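If you want the building blocks of each chain, they are given just below.
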Amino acid sequence: MVNPSDLQDPSAGPVVSAPELLALHAVRLKGVAGDAEAAARYGLDAEVVREALLDHEARGWVTRRAFAGTRGWTLTDSGRVEGERLLAGELARAGLGPFVRERYETFLAHNARCLRACTDWQVRADGTGRLAVNDHGDAAWDGRVLDELTALGRVIEGLTEELGARIDRFAGYGPRFTGALARVRRGELSWVDRVKEDSCHTVWMELHEDLLATLGIARGEEPAVPAGT
């Protein structure tokens, strides 16, 4: 359990990251992001973000690239290291390391569930023991997946409400996830797993990357999830 003495005084309000850090962090979370996309991620002024990213480029932290039809900024190796250094300093100053680590471990316990639900939305057994593309003709199958995503929506909402109350940049993941799910229930089926949009899968994966970056954990170094979780 987290020791209350380790936590920032909630009466002081959540930690608000500097725009320069948010610009760098937005590029990490998006993978490839233009000025406008990086600014929109945290509701920042586009000109402030553009200047910050040009400064980051001069320091060798970001570079312009085109990837899979998308053109924009991406982190360099040194930019990734610098971003994690800044995030670690922010976390240490607020004394929130144990708090965030505990929420990360809760997230990790549900991660396989989300990946499985998104896979089940894409493919299903065809009756011969093989997998086939899910044509969404089986209402019971799709309903089970949507029920699972609804439960995961409650998980992500609870976690990021707690995190966002302490660190402002974590706010919003829950409404983004449940907003995507609402679109699915209205018939926009691709919003479970579509790319380059705030689909359920995209939002979940972005939160995962945010937690890893904040705690300085590489994906290959993540703790094992206990059996039966």
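Residues numbered from 1 in each chain as written. Predicted model: local features only at pLDDT ≥ 70, side-chain atom pairs only at ≥ 80, totals over all residues. Heavy atoms only, no water.

**Student:** What should I look at first to understand the environment of Pro-19 in this one?
**Tutor:** Tracing the backbone shows Pro-19 in helix α1 (residues 19-30). Judged by relative accessible area, Pro-19 falls into the partly exposed class, the value being 33%. Spatially, the C-alpha atoms of Pro-19 and Gly-43 are 10.0 Å apart, while their sequence positions differ by 24 residues. With residues near it in sequence (within four places) discarded, Pro-19 still touches Leu-44 and Val-48. (Helix = DSSP H or I, 4+ residues; strand = E, 2+ residues; numbered from the N terminus. Buried < 20%, exposed > 50% of the residue type's maximum accessible area, 1.4 Å probe, protein only. Contact = heavy atoms within 4.5 Å.)

**Student:** Where do I start with the side chain of Arg-169 in this structure?
**Tutor:** Here Arg-169 lies in the loop between α6 (139-166) and α7 (173-185). Judged by relative accessible area, which is 4%, Arg-169 ranks as buried. Here Glu-90 takes part through its side chain, which lies 3.3 Å from a polar atom of the side chain of Arg-169. Polar side-chain contacts of Arg-169 include one of 3.2 Å to the side chain of Thr-214. Discounting chain neighbours no more than four positions away, the residues touching Arg-169 are Ser-17, Leu-22, His-25, Arg-41, Tyr-42, Leu-87, Glu-90, Asp-210 and Thr-214. (Polar contact = N/O pair within 3.5 Å; in protein donor to acceptor, adjacent residues only side chain to side chain.)

**Student:** Just checking my understanding: could you explain empty space enclosed by the protein for this structure?
**Tutor:** Over the atoms, a rolled probe matching the size of one water molecule traces out where space is still vacant. Under the defined criterion, the tally for this structure stands at one cavity of 30 Å³ or more. Volume-wise, the largest cavity comes out at about 40 Å³. Residue lining of the largest cavity: Leu-21, Leu-24, His-25, Arg-28, Leu-75, Gly-79, Arg-80, Gly-83, Glu-84, Leu-87 and Ala-213, and that is the complete set. For the lining of the largest cavity, the elements supplying multiple residues, two or more each, are α1 and α4 (77-94). Per element, the largest residue contribution to the lining of the largest cavity is five residues, and it comes from α4. Tallied by class, the residues present in the lining of the largest cavity amount to five nonpolar, three polar and three charged. (1 Å grid on protein atoms, 1.4 Å probe; cavity = no way out; pocket = protein on both sides within 12 Å on 5 of 7 lines; lining within 4 Å. Points joined across faces, edges and corners; volume = space filled by probe spheres on them. Nonpolar A, V, L, I, M, F, W, Y, C, P; charged D, E, K, R; others polar.)

**Student:** I would appreciate a short explanation of the nonpolar core in the present structure.
**Tutor:** The nonpolar side chains of a soluble globular protein tend to be buried, and buried together. In this structure, Leu-53, Leu-96, Val-100, Leu-149, Phe-177, Trp-204 and Leu-211 are the most contacted members of the largest nonpolar core, which totals 55 residues. Here the element with the most residues in this core is helix α5 (residues 97-122); it accounts for nine residues. Excluding its chain neighbours within four sequence positions, the residues that come into contact with Leu-53 are Ala-23, Val-27, Asp-35, Ala-38, Val-62 and Trp-73. (Core = buried A, V, L, I, M, F, W, Y, C linked by side-chain atoms within 4.5 Å.)

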